[in-house]
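Results of the structural survey
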Amino acid sequence: MQDKIEYSKAFFSRELLEWYESAKRDLPWRRHRNPYYIWVSEIMLQQTRVDTVIPYFHRFIEQFPTLQALAEAPEEEVLKRWEGLGYYSRARNLQAAAKQVLEQYGGVVPADKASVSGLKGVGPYTTGAILSIAYNLPEPAVDGNVMRVLSRFFRIEEDIMKSGTRALMEGLAAELIPEGRASDFNQALMELGALVCTPKSPQCLTCPVMGRCLARLDGVEDRLPVKSKAKPPRPEYRIAALVEGCGGHDGRLLVRRRPAKGLLAKMWELPHILAAPSAGGGVGLPDDGQAMEQLSALLAAEGIAAEPVDVLMDAEHTFSHIHWNLRVYRFREAAAALPPGVAGAALEYAAVAESGAAYESSGGEEYRWITPADMRQLAFPNVFLRILKHHAPEWDATQTSLESSI
DNA sequence: AAGTCGGGGTT
DNA sequence: AACCCAGACTT
């Protein structure tokens, strides 16, 4: 029995490596064995499909060709290149880690486990991926693809959402690495999971290791891996203001930057608030009159007088744990902005606004009147990019559309 | 161990 | 519309 398992392991490693030679995709980070490229790609690939990552990878490497270039760039530029990719702490951690490598390791990505796993944003999977792919060191790199492939081939019924299961998989994956072939083997394992041993309807008939796959032999490949379900996201109802400037702010829109910690940290957005429960006490969006009043109050607290115009649109956005239902109201900045008695503050405010400079609200967010050209520098989450694009084409200044026009 | 942190895909 | 995919960090 144990002999059969051992034979299966040898068979698996041999056949998988053989298959990979002909099946491997030509991916940008596979064209050179550059540890910096491999690191960037592995961070981008966390929770993200290859097809989504490819254009981001090209643009990122174009702007930050070396680890040093990334380390020395303004954080704003790094976030802008990450715009739309999600999980923005990945970008901030990657840059922080690049600085770490520059200072502690002379700019060379380290090749030992303790140093690599000490880098910001680099956990057990990415440590194994960097050490094996970049340096061909025999370390396991266990991601979701690998757990799916191994759970099927060896018919492992443990719940892959449990933290103990990953440790089990790492032990197994380490045993399977053929002498001197860690880089190709680990990539082959993930490639099989991505191309053949897919979550739904796996393509078993084209699989190089079908012959000894226990799940396939037992006809249970469709119910493996065992995976407990995630909690559904909680709904949130939010109201947002798209404020068109007038007078000195003609052609500008009011935006603000989110705080440095938490959801969408340091990203720019339209001002918005959690909708207060409506008079009836029901959950959901308040009626439009109440919503416009609440937003007017928010703007007034920022020293901005604006009149509601109409409802621009509804938008939805799902995060892992929250589902936003957003209603966007158009506002028009009022000409005579401030009430009498605060003339000094008004002048000061006007001077700041005229220069286009940003100012801090009492809540710590940074408000700014921006032009379409400012969209080149400021990173917005996708949901707000969609809203701005819907508002008017000149605000569709995502990095993609900018570059195609250059 | 459970919750936080985006965005896109398939059915 | 409902469901699926899934690493690192924090608490």
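Residues numbered from 1 in each chain as written. Chains lettered and ligands numbered in written order. Predicted model: local features only at pLDDT ≥ 70, side-chain atom pairs only at ≥ 80, totals over all residues. Heavy atoms only, no water.

1. What about the overall build of chain A?
Each helix and strand counted, chain A has 16 helices and eight strands in total. Taken across its 406 residues, chain A has 49% of its residues classed as buried. Taking as baseline every contact in chain A between residues at least 6 positions apart, the subset at least 24 positions apart corresponds to 68%. Here chain A has roughly 19,400 Å² of accessible surface; of this, 53% comes from carbon and sulfur atoms. (Helix = DSSP H or I, 4+ residues; strand = E, 2+ residues; numbered from the N terminus. Buried < 20%, exposed > 50% of the residue type's maximum accessible area, 1.4 Å probe, protein only. Contact = heavy atoms within 4.5 Å. Areas by Shrake-Rupley, 256 points an atom, 1.4 Å probe, with all protein chains shown as cover.)

2. Digging into the nonpolar core
In terms of nonpolar packing, the biggest core is built from 64 residues, with Tyr 36, Trp 39, Met 44, Phe 60, Trp 82, Phe 380 and Ile 387 touching the most fellow members. Here this core gets seven residues from one element, more than from any other, and that element is helix α2 (residues 35-45). Leave out the neighbours within four places in its chain, and Tyr 36 touches Phe 60, Ile 61, Phe 64, Pro 65, Thr 66, Leu 67, Leu 70 and Val 109. Core analysis: the second largest hydrophobic core is formed by 40 residues, Phe 12, Leu 17, Ala 141 and Val 142 among them. (Core = buried A, V, L, I, M, F, W, Y, C linked by side-chain atoms within 4.5 Å.)

3. As for the pattern of salt bridges
All told, the structure shown has 27 salt bridges when counted by the stated rule. In this structure, Glu 175 engages Lys 9 in a salt bridge whose closest nitrogen and oxygen atoms are separated by 2.6 Å. Here Lys 9 lies in helix α1 (residues 2-23) and Glu 175 lies in helix α10 (residues 163-176), a separation of 166 residues in the sequence. The exposure class assigned to Lys 9 is buried, which follows from its relative accessible area of 12%. Taken together, the shared-partner salt bridges connect Glu 76, Arg 257, Glu 366 and Arg 368 into one network. (Salt bridge = Lys/Arg side-chain N within 4 Å of Asp/Glu carboxyl O.)

4. A look at the protein's contact with DNA strand B
Among the 20 residues in the neighbourhood of DNA strand B, the closest are listed as Gln 47, Tyr 88, Ser 163, Leu 264 and His 317. Gln 47 is positioned with one of its backbone polar atoms (N or O) 2.7 Å from a base nitrogen of DNA strand B. Here the residues of the surface near DNA strand B sort into seven nonpolar, 11 polar and two charged. (Near = heavy atom within 4 Å. Polar contact = N/O pair within 3.5 Å; in protein donor to acceptor, adjacent residues only side chain to side chain. Nonpolar A, V, L, I, M, F, W, Y, C, P; charged D, E, K, R; others polar.)

5. A short note on the state of the cysteines
Going through the model one piece at a time under the given rule, you end up with zero disulfides. Lacking any disulfide linkage, Cys 213 is separated from the closest cysteine sulfur, that of Cys 204, by 6.3 Å. Of the residues examined, Cys 213 reaches a relative accessible area of 10% and is grouped as buried. (Disulfide = S-S within 2.5 Å.)

6. As for the packing of aromatic side chains
By the definition in use, this model includes 11 aromatic pairs. Judged by centre distance (4.9 Å) and plane angle (80 degrees), the rings of Phe 153 and Phe 154 are edge-to-face. Note on accessibility: Phe 153 and Phe 154 belong to one class, buried. On the numbers, 6.3 Å between centres and 70 degrees between planes, the contact of Trp 324 with Phe 384 is edge-to-face. Within this pair, whereas Trp 324 is found in strand β6 (residues 322-333), its partner Phe 384 is found in helix α15 (residues 382-391), the two being separated by 60 residues in sequence. For Phe 384, a relative accessible area of 0% puts it in the buried group. Taken together through their ring pairs, the aromatic side chains of Phe 12, Phe 153, Phe 154 and Phe 185 make up a single cluster. Taking NZ or CZ as reference, Arg 59 lies 4.8 Å from the ring centre of Tyr 56, over its face. (Phe/Tyr/Trp six-rings, centres within 6.5 Å; stacked < 30°, edge-to-face > 60°. Lys NZ or Arg CZ within 6 Å of the ring centre and 35° of its normal.)

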